[in-house]
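So the chains spell out like this:
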Amino acid sequence: MAVVMSTGGLLSVVDGIFVGRFVGPDALAAVSLSFPVVMLLTALSTLAGGGMASLAARHLGAGDKAMAGRVFAGAHGLALALSAGVWLLAWLLGPVLLPLLAGGNTALVAPARAYLAILILGAPLQLALSVHADLLRSEGRAGVIALLSVLVNLLNIAANALFILWLDMGVAGSALGTVLAQGLGLALLLGVRARDPALVPLAALARESWRRGWARMLALGLPLCLSFIGMALVSGVVLLMLGGSDPVVIAAYGVATRLLGFAFLPLMAIALAVQSISGNNAGAGRMARARAGLRLGAGSAGLWCLLVMALGTFAGEALGALFSDAPGVAEALAPILRMMTALYVVSGPVLVLAMHCQALGQPGRTALLTLVKPWLLTPALILTLSTAFGTQALWLAFPLADALVALMALVLVTRPNRMGEPA
């Protein structure tokens, strides 16, 4: 799973380098304006796929493939409904949202709109891909997903090079390469499922209702989904506070979001692996193994986050120079990245703990661990610090929010007889 998620993160980084170096810093700033919407699409993918995976893993652990097939079919209907909702929101809010985030900088609006139009039209592919990948992960085929992910993302990088460098399509070429790669990935996953009789059969999609089980999937997938929407909210608040400031600063923030997105994806992979392990073992009544997986996952996530902290502290300027040779981008990135990663070490174990709770059917605890920081703590701190001390102080909101949510998680795990049994 770490390989799967890392290649997706690497694609985002390489894509940012293509846009920053070959289209320009203004294009990089325009793509940065799109980050809240991109995170919304990611959130909806986790809503459909993550909620399904929690249910399917427990059915598979109990040996009930037929019930897993029913959940699988219902997730497809949910994915289509969510895609229709995205199209409706884009039609209603699109003309207002981007100019608001641009803070009056009209030069950034047109490329951002072109970029997002392609991604939003491709939303059904992204959500269906998430559903199929999450079920295959719950079926113990993480190695297959890793192999296909590497292949698809390498092809995506090649497509971006074609559309951006040779066809000169700018940011639209970046989005088009992403959508085409998602379609290819879905086709490959369909082929794997059709050829392996040990997996939940594709025939379940024709046999079972696509309107079944939405409420339970939404309840289990919503905490993690809302955490991604919270990231979009945080990004939107940051962009609003930056207002119509220098596009170089906005571009630097966009680079920071790509780098931290790359860092977050392997971390998310560890958490999703723990989700599958905890869910399967809980379904089989083996809670000692579920708790052992939780400890191993939390320790691994903590080590990864330590590495990210070190790079954010000492290598910010060097990383920024990879994305753009325009004056000021690397210099603006270094202090932003240093502050945003100052207490990153605690975020990994907290996420792993949240996914363990989600796998055990505990959406309340999952919500507490995943939603308080992006929906309450970080936006409130950003608004308070930037209003009181100026926009340079808003970056302190990130380590302060990490510290507060870590204290909350510590209280939760030290309560006796609370973390080991399914709800």
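Residues numbered from 1 in each chain as written. Predicted model: local features only at pLDDT ≥ 70, side-chain atom pairs only at ≥ 80, totals over all residues. Heavy atoms only, no water.

A.B. asks: Can you break down the overall build of the chain residue by residue, with the values?
C.D. replies: Tallying secondary structure elements over the chain gives 17 helices and zero strands in all. Along the first, second and third principal axes, the C-alpha atoms of the chain reach 60 × 50 × 35 Å. Each of the 423 residues in the chain was classed as buried or not, and the buried ones make up 53%. When the accessible surface of the chain is totalled, it reaches about 16800 Å², and 72% of it is carbon and sulfur. Computed over 23 positive and 14 negative side-chain charges, the inter-centroid distance for the chain is 17 Å. (Helix = DSSP H or I, 4+ residues; strand = E, 2+ residues; numbered from the N terminus. Buried < 20%, exposed > 50% of the residue type's maximum accessible area, 1.4 Å probe, protein only. Areas by Shrake-Rupley, 256 points an atom, 1.4 Å probe, with all protein chains shown as cover. Lys, Arg positive; Asp, Glu negative; His and termini not counted. Charge placed at Lys NZ, Arg CZ, Asp CG, Glu CD.)

A.B. asks: Account for the environment of Gly173, with residues named and values stated.
C.D. replies: By the element assignment, Gly173 lies in helix H8 (residues 170-195). Judged by its relative accessible area of 0%, Gly173 is buried. As for Gly173 and Ala161, which are separated by 12 residues in sequence, their C-alpha atoms are 8.7 Å apart.

A.B. asks: Which residues make up the nonpolar core, and what are the values?
C.D. replies: A general trend in soluble globular proteins is that nonpolar side chains are found buried together. Core analysis: the largest hydrophobic core is formed by 109 residues, its most contacted members being Met52, Val238 and Trp395. For this core, the element with the highest residue contribution is helix H11 (residues 247-283), accounting for 16 residues. Taken domain by domain, this core gets at least three of its residues from each of domain 1 (1-212) and domain 2 (221-414). Excluding anything up to four places from it in sequence, Val238 contacts Tyr253, Ile382, Leu394, Trp395 and Phe398. Counting six residues, the second largest nonpolar core, distinct from the first, contains Leu136, Ile145, Leu189 and Leu199. (Core = buried A, V, L, I, M, F, W, Y, C linked by side-chain atoms within 4.5 Å. Domains from an automatic or database assignment. Contact = heavy atoms within 4.5 Å.)

A.B. asks: So what about the pattern of salt bridges? Which residues, and what values?
C.D. replies: For the structure on display, the rule yields six salt bridges. Salt-bridge contacts for Asp196 lead to Arg141; the nearest nitrogen and oxygen are separated by 3.1 Å. Of this pair, Asp196 sits in the loop between H8 and helix H9 (203-207) while Arg141 sits in the loop between helix H6 (123-138) and helix H7 (142-166), and the two are 55 residues apart along the sequence. Looking at Asp196, the relative accessible area reads 22%, which means it is partly exposed. On the basis of relative accessible area, Arg141 is assigned to the partly exposed category, the value being 23%. Residues participating in the shared-partner salt-bridge network are Arg70, Arg207 and Glu208. (Salt bridge = Lys/Arg side-chain N within 4 Å of Asp/Glu carboxyl O.)

A.B. asks: Tell me about the domain arrangement of the chain, and name the residues and values.
C.D. replies: Split by domain assignment, the chain resolves into domain 1 (1-212) and domain 2 (221-414). Interface of domain 1 and domain 2: buried area, both sides summed, is about 3700 Å²; carbon and sulfur atoms make up 68% of it. Where domain 1 packs against domain 2, one counts zero salt bridges. If you look at where domain 1 meets domain 2, you find four residue pairs in polar contact (both at pLDDT 80 or more). For the side of domain 1 that touches domain 2, the secondary-structure elements that each account for two or more residues are helix H1 (2-23), helix H2 (25-33), helix H3 (35-61), helix H4 (65-102) and H6. Here the side of domain 1 that touches domain 2 gets 17 residues from one element, more than from any other, and that element is H3. Tallied by class, residues from the side of domain 1 that touches domain 2 come to 26 nonpolar, 16 polar and five charged. (Buried area = accessible area lost by both parts, 1.4 Å probe. Polar contact = N/O pair within 3.5 Å; in protein donor to acceptor, adjacent residues only side chain to side chain. Nonpolar A, V, L, I, M, F, W, Y, C, P; charged D, E, K, R; others polar.)

A.B. asks: A description of the side chain of Gln275 should follow, citing residues and the corresponding values.
C.D. replies: By secondary structure assignment, the location of Gln275 is in helix H11. Beyond its immediate chain neighbours, meaning those up to four positions away, Gln275 contacts Gly50, Ala53, Ser54, Arg137, Met355, Gln358 and Ala359.

A.B. asks: Explain the side chain of Thr341 to me, using residue names and the numbers behind them.
C.D. replies: Here Thr341 lies in the loop between helix H14 (329-340) and helix H15 (347-359). For Thr341, the residues in contact, after removing those within four places along its chain, are Leu260, Val308, Met309, Gly312 and Thr313.

A.B. asks: So, a nonpolar patch on the surface: which residues are in play, and what are the values?
C.D. replies: On the surface, a nonpolar cluster with roughly 680 Å² of combined accessible area is contributed by Phe22, Val23, Leu162, Leu165, Trp166, Leu167 and Met169. Within the residue set of the nonpolar patch, elements represented by two or more residues are H1 and H7. In terms of residue count, H7 provides more of the nonpolar patch than any other element does, three residues in total. Along the polypeptide, Leu167 turns up in the loop between H7 and H8. (Patch = residues over 30% accessible without salt bridge, like charges linked within 9 Å, V, L, I, M, F, W, Y side chains within 5 Å.)

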